[in-house]
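Listed below are the residues making up each chain.
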Amino acid sequence: MTTATLNPTPAHKADVPVHASRETNWRHIAGRVVYHVFVMAFALLMIYPIIWMVFSAFKPTDTVFATAGQLIPTEWTLDNFVNGLKGFMGTGFVRFMGNSLLIAVIATAGTIASSAITAYALSRLRFPGRRILFVAMLVSMMLPAQVLMVPQYIWYQKLGWTDSYLPLIVPYCFAIQGFFIYLIMNFIDGIPRSLDEAAKIDGCSYYGIFFRVIVPLITPAVVTGCIFSFMWRWDDFLSALLYVNKTEWYPVSLALKLFSDPSSGSDYGAMFAMASISILPSVLIFLFFQKHLVQGVATSGLKG
Amino acid sequence: MSQASAVPGRRLGEAGVQFKKQGRFARFMTLERTSGVVCALPFIIGFLVFLLVPILLSFYYTLTDYSIIGEAKFIGIQNYLDMFSDDKFFKSLGVTFFYALVSTPLRLVFALFVAMLLLKNSKVSGFYRAAYYLPSILGGSVAVAILWKQMFAADGVVNQVLGMFGLETDFAWLGNESTAIWTLIILGVWQFGSSMLIFLASLKQIPTELYEAASVDGASKARQFWKITLPLLTPTIFFNLVMQSINGFLAFTQCYIITQGKPRNSTLFYMVYMYDESFTRHHAGYGAALAWVMLLIVGLYTGFLFLTKRFWVYDEEA
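Note that residues are indexed from 1 along each chain, following the sequence as it is written. Naming scheme: in the order in which they are written, chains are lettered from A and ligands are numbered from 1. Only residues with pLDDT of at least 70 are given local features in this predicted model, and only at 80 or more are side-chain atom pairs given and counted; all residues enter the totals for whole chains, interfaces and linings. To get the side-chain values, take all heavy atoms of the structure and skip hydrogens and water.

- The name given to chain B in an unreviewed UniProt entry is ABC transporter, permease protein, with Bifidobacterium lemurum as the source organism.
- UniProt positions are given in the numbering used here, feature names are shortened, and annotations may be inferred rather than shown by experiment. UniProt annotates chain B under Subcellular location (unreviewed entry) with the comment "Cell membrane".
- The Sequence similarities (unreviewed entry) comment attached to chain B in UniProt states, word for word, "Belongs to the binding-protein-dependent transport system permease family."

- Looking up chain A in an unreviewed UniProt entry gives the name ABC transporter, permease protein, with the organism given as Bifidobacterium lemurum.
- Per UniProt, chain A carries the Subcellular location (unreviewed entry) text "Cell membrane".

Shown next as structure tokens:
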């Protein structure tokens, strides 16, 4: 017990032993209370905008701004959800969700599968050009996707891919996000090589080693990769903006943009209702896989 | 496994079953170097087709007058020369630098502050971590951008809350040249979660003995922070600084949805300007040139940060 705990900021040094007395004990408890009240209040302040959005979705749409200062609706309604789900120009919001889901799931499966096998090759096998590929992987990690926006668009247009989901899905199935290769490589490096060798002696080919030895052991990295890939694909706005033109093919990100355009009227209640629904997958994934996410960020330092 | 890994999978079947008695092809396929190339094939194709081709192609297009629809007309370095007389280019460059160089340090200070707060272990620290990280999880989404736009509207939450404290209540945050950019900066700072987690991880690695020794010597908490915590964190700060600045230079969605560069281009992010030039005004050649300039800037800036590294980043090997 120490007086140091009174000061919450450098908290981890609190375990320096000082003589405990009744007085310090009280101060210790008071310090903890102050700490928790402060951290809790600050945390609530941080997530207040999101909570506000969710509650506003339940307010009658004409009162959303009149009562913006108060959090809990005085009058609860589900109208916003009903109106919002009707969507736009005859396309329901469920369709938008389905579009996003389709894109995000296929792109994620493709990214992780292709990244995993590439990571295996780069970290376990010796072959000509391996070094060059390693550098290429680093380049693809460093090269900002936005910078390639214009040339990629021109290139996909030449391939006849604009106006389709192909640019949103196919490139990802070819491991173009070096980050995921890197993530899985780091993990494979931690698996003892003796396992590979044992499998090889038992007559396993290099492909067999990947599928039978490596794949079952890299599950944690694969899960982490899937979570991040899914959330990034789900939120992806720029490529949808570039390549998807038909309203019924819009993913959620683009559809929400429609809701917020002044030209298409402003049913704020419906907009907040759909915005709340659109963040649901990310929030749920976050709640279920918090440990994986935190680990993934802490060890690899990715954005997000 | 999806289509990408199906190729080597099929080959495995051939090698393993059909050609057990060593056909020449099968033997070739199971060599280590062949296996390596086969396994890396998805990435080899992906890199060549989806990264290298666009890079080369784009460099060519920077030397042309190209509207995406018509033919590309070779004009030499005219696109690059045009930038010097393009006010919006300089304006957007200035805005982007201001945004990246202000929001990144603020975000890191905030992230470090919260990480220090959360270092204390308690039963609810998992909950705290989640609450502080949540805004970053949702940060890139259109939903949050829309929310932000409404919060800072003249009749939005921010003004209502200010009104409760008896302050001016109909200020147009997004309509004012001097405040609009700050709303975007605040949004950027609010998403401090991933930097915070990285700080938290490296704070936990600082050996407690250092602090014990320091407090035995009578060093105050503040002194311990400046003399132990901060120096040992510099590699992490450096890493965060590089990553987050690059993100700052390349920000797009927030600006595109919240302000669209308004008012009077005071929030015109470089990426939004590039998008407009390329796809709204159909100056794809010029847009490609803008992209190359940004790539150069990001490269130079990162290089500059690496140069400063030895003056302030603590290196254990040194």
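Let's pick the thread back up.
### Side note on the overall build of chain B
Logical step 1: Think of it this way: any DSSP run of H or I at least four residues long counts as a helix, any run of E at least two long counts as a strand, and we number them from the N terminus. In terms of helices and strands, chain B carries 15 helices and two strands.
Logical step 2: With the radius of gyration taken over C-alpha atoms, the globule rule is written as 2.2 Å times the number of residues to the power 0.38. For a compact globule of 318 residues, the expected C-alpha radius of gyration is about 20 Å, and chain B comes in at 26 Å, more than 25% above that figure.
Logical step 3: In terms of overall dimensions, chain B has C-alpha extents of about 80 × 60 × 40 Å along its principal axes.
Logical step 4: Contact criterion: two residues are considered in contact whenever any of their non-hydrogen atoms come within 4.5 Å of each other. At a minimum sequence separation of 6, the contacts of chain B that also span at least 24 residues come to 68%.
Logical step 5: About 14700 Å² of surface is accessible on chain B, with carbon and sulfur atoms providing 64% of the total.
Logical step 6: Charged residues are defined here as Lys and Arg on the positive side and Asp and Glu on the negative side; His and the ends of the chain fall outside this count. For charged residues, the charge sits on one atom: NZ in Lys, CZ in Arg, CG in Asp, CD in Glu. Of note, chain B has its 24 positive side-chain charges centred 11 Å away from the centre of its 19 negative side-chain charges. Note that accessible areas follow from Shrake-Rupley with a 1.4 Å probe, and for residues the cover is restricted to the protein chains shown.

### A look at the overall build of chain A
Logical step 1: Of regular secondary structure, chain A possesses 14 helices and zero strands.
Logical step 2: Reading chain A from its N end, one meets helices and strands in the order α-α-α-α-α-α-α-α-α-α-α-α-α-α.
Logical step 3: Relative to its 304 residues, chain A shows a buried fraction of 55%.
Logical step 4: Within chain A, counting contacts between residues at least 6 apart in sequence, those at least 24 apart form 69% of the total.
Logical step 5: In the structure as shown, chain A presents an accessible area of about 13400 Å², 66% of it carried by carbon and sulfur atoms. Each residue's exposure class comes from its accessible area (1.4 Å probe, protein chains only) as a fraction of the maximum for that residue type: buried when under 20%, exposed when over 50%, partly exposed otherwise.

### Regarding the UniProt feature "transmembrane region" (unreviewed entry) in chain B
Logical step 1: The sites that carry the UniProt feature "transmembrane region" (unreviewed entry) are, in the present numbering, residues 37-61, 97-119, 131-148, 180-203, 224-243 and 284-307 of chain B.
Logical step 2: Within residues 97-119 of chain B, the helical portion is 96% and the strand portion 0%, while the C-alpha atoms at the span's ends are 33 Å from each other.

### A few points about the interface of chain A and chain B
How big an interface is tends to be reported as the loss of accessible area on association of its parts.
Logical step 1: Taken residue by residue, the interface counts 105 residues in chain A and 106 residues in chain B.
Logical step 2: When the two sides are added together, the surface that chain A and chain B hide from each other amounts to roughly 9700 Å², 78% of it contributed by carbon and sulfur.
Logical step 3: Under the rule applied, a polar contact is a pair of N or O atoms within 3.5 Å (in protein, one hydrogen donor and one hydrogen acceptor; residues adjacent in sequence only if both atoms are side-chain atoms). Inspection of the chain A/chain B interface yields 11 residue pairs in polar contact (both at pLDDT 80 or more).
Logical step 4: At 15 residues, the largest contribution of residues to the side of chain A that touches chain B is made by helix H1 (residues 22-56) of chain A. Buried area: the accessible surface (1.4 Å probe) lost by two parts on joining, summed over both.

### So, the pattern of salt bridges
Logical step 1: Throughout this description, the term salt bridge denotes a Lys or Arg side-chain nitrogen within 4 Å of a carboxyl oxygen of Asp or Glu. Following the criterion strictly, the structure yields four salt bridges over all chains and no others.
Logical step 2: With its nearest N and O atoms 2.7 Å apart, the salt bridge here joins A:Asp196 to A:Arg124. Of this pair, A:Asp196 sits in helix H8 (residues 193-201) while A:Arg124 is found in helix H3 (residues 93-124), placing the two residues 72 residues apart along the sequence. One exposure class covers both A:Asp196 and A:Arg124, and it is buried.
Logical step 3: The residue B:Arg281 makes a salt bridge to B:Glu277 at a minimum N-O spacing of 3.0 Å.

### Let's talk about the packing of aromatic side chains
Logical step 1: Here a pair means two rings of Phe, Tyr or Trp (six-membered ring of Trp) with centres within 6.5 Å. Their orientation is stacked below 30 degrees between planes, edge-to-face above 60, and tilted elsewhere. Per the counting criterion, the structure on display carries 49 aromatic pairs over all chains.
Logical step 2: A ring pair is formed by A:Tyr153 and A:Tyr243, whose centres lie 5.5 Å apart and whose planes are at 20°; its orientation type is stacked. Of this pair, A:Tyr153 sits in helix H5 (residues 149-158) while A:Tyr243 sits in helix H11 (residues 238-243), placing them 90 residues apart in sequence. Residue A:Tyr153 shares its accessibility class with A:Tyr243, and that shared class is buried.
Logical step 3: An angle of 90° between the planes, with centres 5.3 Å apart, marks the rings of A:Tyr165 and A:Trp249 as edge-to-face. Here A:Tyr165 is found in the loop between H5 and helix H6 (166-169), whereas its partner A:Trp249 is found in the loop between H11 and helix H12 (252-260), with 84 residues between them in sequence.
Logical step 4: The buried category is assigned to A:Tyr165, whose relative accessible area is 12%.
Logical step 5: Counting every residue linked through ring pairs, the aromatic cluster contains A:Tyr153, A:Tyr156, A:Trp161, A:Phe174, A:Phe237, A:Tyr243, B:Phe50, B:Phe252, B:Tyr256, B:Tyr275 and B:Phe279.

### As for the state of the cysteines
Logical step 1: Any two cysteine sulfur atoms within 2.5 Å of one another count as a disulfide. If you walk through the whole model with that rule in mind, you get zero disulfides over all chains.
Logical step 2: Not engaged in a disulfide, the cysteine A:Cys204 finds its nearest cysteine sulfur in B:Cys39; these two sulfurs lie 12 Å apart.

### Description of the UniProt feature "transmembrane region" (unreviewed entry) in chain A
All names here are of chain A.
Logical step 1: In this structure's numbering, the residues bearing the UniProt feature "transmembrane region" (unreviewed entry) are residues 33-55, 101-122, 134-156, 168-188, 209-232 and 268-289.
Logical step 2: Helix and strand shares over residues 101-122 are 100% and 0% respectively, and the end C-alpha atoms of the span are 31 Å apart.
Logical step 3: End C-alpha to end C-alpha, residues 134-156 measures 26 Å, and it is 74% helix and 0% strand.

### Regarding unusual backbone geometry
Residues and elements named next belong to chain B.
Logical step 1: For Asn265, which is not a glycine, the phi torsion comes out positive at approximately 60°.
Logical step 2: The phi torsion at His282 lies on the positive side, around 60°, for a residue other than glycine.
Logical step 3: Within the secondary structure layout, His282 lies in the loop between helix H14 (270-280) and helix H15 (284-312).
Logical step 4: Judged by its relative accessible area of 33%, His282 is partly exposed.

### Some points on helix H9 (residues 180-190) of chain B
Logical step 1: Burial within H9(B) is extensive, with nine of its 11 residues counted as buried.
Logical step 2: Listed in full, the buried residues belonging to H9(B) are B:Ala180, B:Ile181, B:Thr183, B:Leu184, B:Ile185, B:Leu187, B:Gly188, B:Val189 and B:Trp190.

### Observations concerning the packing of helix H3 (residues 32-61) of chain B against H15(B)
Residues and elements named next belong to chain B.
Logical step 1: A fitted line through C-alpha atoms serves as each axis, taken over the contacting stretch for helices, and the angle formed by two N-to-C directions is quoted from 0 to 180°. For the pair H3 and H15, interaxial distance at closest approach is 8 Å and the crossing angle is 115°. Read as a crossing pair, H3 and H15 show a hand that is left-handed. Each of Ile55, Ser58, Phe59 and Tyr61 in H3 lies in contact with H15, whose residues at this interface are Gly285, Ala288 and Trp292. In this scheme the crossing of two helices becomes right-handed for a clockwise turn of the near helix relative to the far one and left-handed for an anticlockwise turn of less than a right angle.

### Here we look at the confidence of the model for chain A
Residues and elements named next belong to chain A.
Logical step 1: Residues with a pLDDT of 70 or more make up 88% of chain A, whose mean pLDDT is 83.
Logical step 2: What pLDDT expresses is the predictor's confidence in each residue, scored from 0 to 100. When mean pLDDT is taken per element in chain A, H3 scores highest with 94 and helix H14 (residues 290-300) scores lowest with 72.
Logical step 3: pLDDT under 50 marks residues 1-16. Its contacts with residues more than four places away, or in other chains, come to 31 contacts.

### Focus on the domain arrangement of chain A
Residue and element names in this part refer to chain A.
Logical step 1: Just so you know, the domain bounds were taken from an automatic or database domain assignment. Domain boundaries assigned for chain A yield domain 1 (19-78) and domain 2 (80-298).
Logical step 2: On the domain 2 side, the residues contacting the 13 residues of domain 1 number 11 residues.
Logical step 3: For the pair domain 1 and domain 2, the summed buried area comes to about 960 Å², and 70% of that belongs to carbon and sulfur atoms.
Logical step 4: Across the domain 1-domain 2 interface, the total number found is five residue pairs in polar contact (both at pLDDT 80 or more).

### With respect to the confidence of the model for chain B
All names here are of chain B.
Logical step 1: Predicted confidence across chain B gives a mean pLDDT of 84, with 92% of residues reaching 70 or more.
Logical step 2: Per-element confidence in chain B ranges from a low mean pLDDT of 45 for helix H1 (residues 3-18) to a high of 93 for helix H5 (residues 87-118).
Logical step 3: Counting contacts from residues 1-19, a segment whose pLDDT is below 50, to residues more than four positions away or on other chains yields 29 contacts.
Logical step 4: On the interface metric, ipTM, the complex scores 0.81, and its pTM is 0.83.

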